[in-house]
Amino acid sequence: MDGFPVVVVGAGPVGLAAAAEVLERGLQPLVLEAGSEAGSAVREWSHVRLFSQWSELIDPAAARLLEQQGWQAPAPTGYPSGAEWVEQYLRPLGAALGERVRFGARVVGVARRGRDRVVDAGRTTEPLTVHVETAGGEERITASAVIDASGTWRSPNPLGGDGLPAVGERSARERISYQVPDVSDAQVRARFAGKRIAVAGSGHSALTALVAFAGLAEEAPGTEIVWVLRRGRSGDVFGGGEADQLPERGALGLRAKQAVDAGHVRTVTGFRTAAVEADGDGRLVLTSFEGHKSEPVDEVVVLTGFRPDLSWLSEIRLGLDPVLQASTALAPLIDPNVHSCGTVYPHGAKELAHPEPGVFVVGMKSYGRAPTFLAMTGYEQVRSVAAAIAGDTESAERVELVLPETGVCGGAGLFDEPEAEQGGGCCGAPQQSVELAAPGAAER
């Protein structure tokens, strides 16, 4: 494999960190990014402020590389927006890596050279090939190893409660959005101001949207927010508050609860959407699998998490958990059906490896459909993976990261609890407030 680069797919925070870690090991990384700049996906949610502080958002190897260029690290205790993360860290890091990062290069396939996934021979001796589409056409790049850090941003989960788009969801796309709206933008603000908005989802993106819309409701009369929750109870979605070891994450939950308690948000619990249809006035009505209908809404914001795109890895032998689509060794550590405390056991190359030699899926995508990923997790992942690729087994196996807890622990709450059948609000008028009940939220 000597002479071939380690190909990293994606120039986001974890992909660029992987390149820095690989370079520090004396190997040559080649980062392939479909977008036009470092952190192009982060740029799309640039208005959102992170709940991790700068000290948790900068990879150590990347910092060492940047410091060689005269870069000054931001104050460690600050909390950047997505835009600040790009401008003050990701873009400089991409520049420091120089020609090792190629933009406008979309990876469409990975395979073992000259062999499809059925062939056993040569899987440990032949290099990998990465198929890429660029403005200049198609090309094939030979790689000694592949680190997939492409993330999940382009694959949001649908509104449909069974994991598939609800009937009518696709045809209503002009009225449905799948990311936190930037209500400070005049055009976006005009779209939502004075409207009735349904927000579907219970994670931190949904909480961020609720806080933003509550602020809009105070300034724009007639703005109404209906919070649609699949789970049968709603009190455990606000997180650990002051007990959260990431203070800003806890504060976000408290702000969302304040918005609900102030009457800006009405909630519907135990509602798993089956269909979306327009009423006689052109508004959208959501119908649940039980046949209950929501009140008509003008806009729907779907923030129900993400899933990995595995289509371009079809010729690679992956070992995936059948539930989460994470690696089989990692899945038991992060399964939200079991874990709800926000704590993930330390893991690295050993848990991230697949049956295909030299292939690792890292970052948000490594978690499959699990929702508990933090940037610092990705940085430790790629440190361990780079060590494994370089043959430093001792360092690869020495994984010591301890993640901050959410401050809550309880049932996973992925499906309707018995409380949902006891006046949970799935039908009729939505509840006016949410009562903080038994904890059990997950971090994003």
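For the structure itself, consult the block above.
Being a predicted model, the structure only gives us computed values, none of them experimental. (Residues numbered from 1 in each chain as written. Predicted model: local features only at pLDDT ≥ 70, side-chain atom pairs only at ≥ 80, totals over all residues. Heavy atoms only, no water.)

**Q** Describe in detail the sheet that holds strand β7 (residues 145-148), supporting the description with residues and values.
**A** Pairing in this open sheet of five strands is parallel, and the strands run β3-β2-β1-β7-β15 from one edge to the other. Strands at the two margins of the open sheet, each flanked by one partner only, are β3 (101-103) and β15 (359-361). If you compare each strand with its neighbour and ignore which way they point, the axes differ by 15 degrees on average. The sheet contact formed by strand β1 (residues 6-9) and β7 spans four bridges and is parallel. Within β7, the position partnered with V9 by the bridge is D148. Together, β1, β7 and β15 form the strand contacts of helix α10 (residues 375-389), whose direction differs from that of β7 by roughly 175 degrees. (Pairing = 2+ DSSP bridges. Helix = DSSP H or I, 4+ residues; strand = E, 2+ residues; numbered from the N terminus. Axes fitted to C-alpha atoms, helices over the stretch in contact; angles between N-to-C directions. Contact = heavy atoms within 4.5 Å.)

**Q** Tell me about the pairing of strand β9 (residues 196-200), and name the residues and values.
**A** Within a regular strand, side chains alternate between the sheet's two faces. Burial runs high along β9: five of the five residues are buried. Where burial is concerned, the two faces of β9 agree: the one with R196, A198 and A200 and the one with I197 and V199 are both buried. Read as a crossover between parallel neighbours, the route from β9 over helix α6 (residues 204-219) to strand β10 (residues 224-228) is right-handed. Bridge analysis of β9 against strand β14 (residues 299-302) gives four bridges, and the strand direction is parallel. Bridging across to β14, I197 finds its partner in E299. (Buried < 20%, exposed > 50% of the residue type's maximum accessible area, 1.4 Å probe, protein only. Right-handed = clockwise from strand over helix to strand, strands pointing away.)

**Q** Explain the side chain of T152 to me, and be specific about the residues and the numbers.
**A** Here T152 lies in the loop between β7 and β8 (176-177). When its relative accessible area of 5% is taken as the criterion, T152 is described as buried. Contacts of T152, omitting those with residues within four sequence positions, involve F306, R307, P308, M364 and K365.

**Q** Describe the environment of P296, with residues and values.
**A** Structurally, P296 can be placed in the loop between β13 (284-288) and β14. For the pair P296 and D279, spaced 17 residues apart in sequence, the C-alpha to C-alpha distance is 7.3 Å. In this structure, P296 is in contact with R196, D279, R283, L284 and V285, ignoring residues within four places of it in sequence.

**Q** Explain the packing of aromatic side chains to me, and be specific about the residues and the numbers.
**A** For the structure on display, the rule yields five aromatic pairs. Seen from their ring centres, F192 and F213 are 5.2 Å apart, and the 50 degrees between their planes marks the pair as tilted. Of the two residues, F192 sits in helix α5 (residues 186-192) while F213 sits in helix α6, which places them 21 residues apart along the sequence. A relative accessible area of 2% means that F192 is categorised as buried. Under the relative-accessibility criterion, F213 is labelled buried at 0%. (Phe/Tyr/Trp six-rings, centres within 6.5 Å; stacked < 30°, edge-to-face > 60°.)

Remember that the coordinates give geometry; whether it matters functionally is a separate question.
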